[in-house]
Amino acid sequence: MAKKYNQLGLIGCGLMGGSLALALKKEGLVKKVVGYSKSPTTTTLARQLGVIDIEASSAIQACAGADLIVLAVPVAASGEMFKTIQQFVQPHVLTMDVGSTKNDVVLAAEKHLGWGAQYFVPAHPITGKERSGVEHADAMLYYGAKVVLTPTPATDLDHVQRAQELWTALGSDVRIMSPQEHDAALAAVSHLPHLLAFAYVNSLLGQPHSDSLLRLAGPGFRDFTRIAASDSALWRDVLLANRTEITGQLRHMVLAIQEFQRALHSEDAEALEQLIQKASQARNDWRKHSA
């Protein structure tokens, strides 16, 4: 059974942090949420929407007195934030993040938290929306979502268990792996798809009469490019943080595209159909197993 917390110190009151606050409130797992965002306007809106209970003017104020701390900030800002809240990362406090990359966040925690890094549990909820902002926060965002925890050998096992119980209580499917394993896997199934969606839309915009092309776009374009509408600053940081793994995945993608190029150039209908069928079968199998 998940522990109930007296105060959540929420650093970052956007979509991910706001949704977590709403989910914890919905399940009765937190009594009070004190929130801080870099933009005071966001913090005020979060309070007006009932996402947080008290506006904090700083990360330090949000964490003071908290027994649960969550960093929901861009991964590039993690190091500076750990440095700011170091004094509050204590044995009686569960501290987590919700960043999309983990190795860089772990290294930042070890650098800036010192001995307190053992009480930090890196977490990545694999969910979201193409629209960012606290106005899109959803108490059900994490229900049914995969959440990956990436403790290191030095992470306190009691804190890992508490984190696992918390996410499970929200209806999430919790997995545990190393930071390196996480970043390698997510480069393949999340980060590269986002990069491809961005690149594809830009490839259309770079062509003459792109407006007329887009006017003919239908459901296929809508489905393929949904994630291209994602937050630019957030994904800039994710792609840079995991650039080595993503670059490796790009090489696999280039080889796959070259297979299609060869089949088209040689007008090899059989080879083309086999390539399509291979992908179609894999996609259908994934859908069955993930339902």
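If you're wondering where the values come from, they're calculated on a predicted model, not measured in any experiment. (Residues numbered from 1 in each chain as written. Predicted model: local features only at pLDDT ≥ 70, side-chain atom pairs only at ≥ 80, totals over all residues. Heavy atoms only, no water.)

### Observations concerning the packing of aromatic side chains
- Summed over all chains, the structure comprises five aromatic pairs.
- Ring centres of Phe82 and Phe120 lie 4.9 Å apart, and the angle between their planes is 70°; this geometry places the pair in the edge-to-face category. Residue Phe82 is found in helix α4 (residues 78-85), and its partner Phe120 is found in strand β6 (residues 120-121); the two are separated by 38 residues along the sequence.
- Ring geometry for Trp115 against Tyr119: centres 5.8 Å apart, planes inclined by 85°, an arrangement best described as edge-to-face.
- Here Tyr119 falls in the buried class, since its relative accessible area comes to 11%.
- For Lys3, the ring lying beneath its charged end belongs to Tyr5, and the centroid distance is 5.4 Å. (Phe/Tyr/Trp six-rings, centres within 6.5 Å; stacked < 30°, edge-to-face > 60°. Helix = DSSP H or I, 4+ residues; strand = E, 2+ residues; numbered from the N terminus. Buried < 20%, exposed > 50% of the residue type's maximum accessible area, 1.4 Å probe, protein only. Lys NZ or Arg CZ within 6 Å of the ring centre and 35° of its normal.)

### Focus: the side chain of Asp67
- Examined against the element boundaries, Asp67 turns out to sit in the loop between α3 (59-63) and β4 (68-71).
- The side chain of Asp67 is buried and forms no salt bridge, while Lys3, the nearest opposite charge, is found at 4.7 Å.
- Within the structure, the side chain of Asp67 is placed 3.0 Å from the backbone nitrogen of Asn6, a separation counted as a polar contact.
- Asp67 has contacts with Tyr5, Asn6, Gln7, His92, Val93, Leu94 and Arg162, leaving out every residue within four places of it along the chain. (Lys, Arg positive; Asp, Glu negative; His and termini not counted. Salt bridge = Lys/Arg side-chain N within 4 Å of Asp/Glu carboxyl O. Polar contact = N/O pair within 3.5 Å; in protein donor to acceptor, adjacent residues only side chain to side chain. Contact = heavy atoms within 4.5 Å.)

### Brief notes about the domain arrangement of the chain
- Segmenting the chain into domains produces domain 1 (5-177) and domain 2 (182-290).
- Between domain 1 and domain 2, the C-alpha centre-to-centre distance is 31 Å.
- Of the residues lining the interface, 15 residues belong to domain 1; the matching set on domain 2 comes to 12 residues.
- For the pair domain 1 and domain 2, the two sides together bury roughly 1100 Å², of which 64% comes from carbon and sulfur.
- For domain 1, the biggest contributors to the area lost against domain 2 are Ser100, Thr101 and Glu130; these three give 42% of the whole.
- In this structure, the connection of domain 1 to domain 2 is made through zero salt bridges.
- Of the residues belonging to the side of domain 1 that touches domain 2, the class tally is six nonpolar, six polar and three charged. (Domains from an automatic or database assignment. Buried area = accessible area lost by both parts, 1.4 Å probe. Nonpolar A, V, L, I, M, F, W, Y, C, P; charged D, E, K, R; others polar.)

### Overview of the nonpolar core
- One finds Leu8, Leu24, Leu68, Met96, Leu166 and Trp167 to be the most contacted residues of the largest nonpolar core, which totals 36 residues.
- Put simply, the parts of the chain that give this core at least two residues each are β1 (5-11), α1 (15-26), β2 (30-36), β4, β5 (94-97), β8 (146-149) and α6 (157-169).
- Sort the elements by how many residues they give to this core and α1 lands first, with six residues.
- Non-local contacts of Leu8, meaning those with residues more than four positions away in its chain, are made with Ala21, Leu24, Val30, Lys32, Val33, Val34, Ala66, Leu68, Ile69 and Val70.
- Core analysis: the second largest hydrophobic core is formed by 25 residues, Val34, Ala62, Val75 and Leu113 among them. (Core = buried A, V, L, I, M, F, W, Y, C linked by side-chain atoms within 4.5 Å.)

### Topic: unusual backbone geometry
- Phi is positive for His209, close to 60°, though the residue is something other than glycine.
- Topologically, His209 is positioned in the loop between α7 (179-205) and α8 (210-215).
- A relative accessible area of 64% places His209 in the exposed class.
- One non-glycine residue, Glu267, lies in positive phi territory at about 55°.
- Note that Glu267 resides in the loop between α11 (243-265) and α12 (269-290).
- For Glu267, a relative accessible area of 71% corresponds to the exposed category.

### Re the pattern of salt bridges
- According to the stated counting rule, one finds eight salt bridges in the structure shown.
- The salt bridge involving Asp53 is made with Lys25; its shortest N-O contact spans 2.9 Å. Taken together, the residues span a long stretch of sequence, with Asp53 in the loop between α2 (40-48) and β3 (54-55) and Lys25 in helix α1 at a distance of 28 residues.
- We classify Lys25 as partly exposed; its relative accessible area is 26%.
- Here Lys129 ties to Asp138 by a salt bridge, and the two come within 4.0 Å at their closest N and O atoms.

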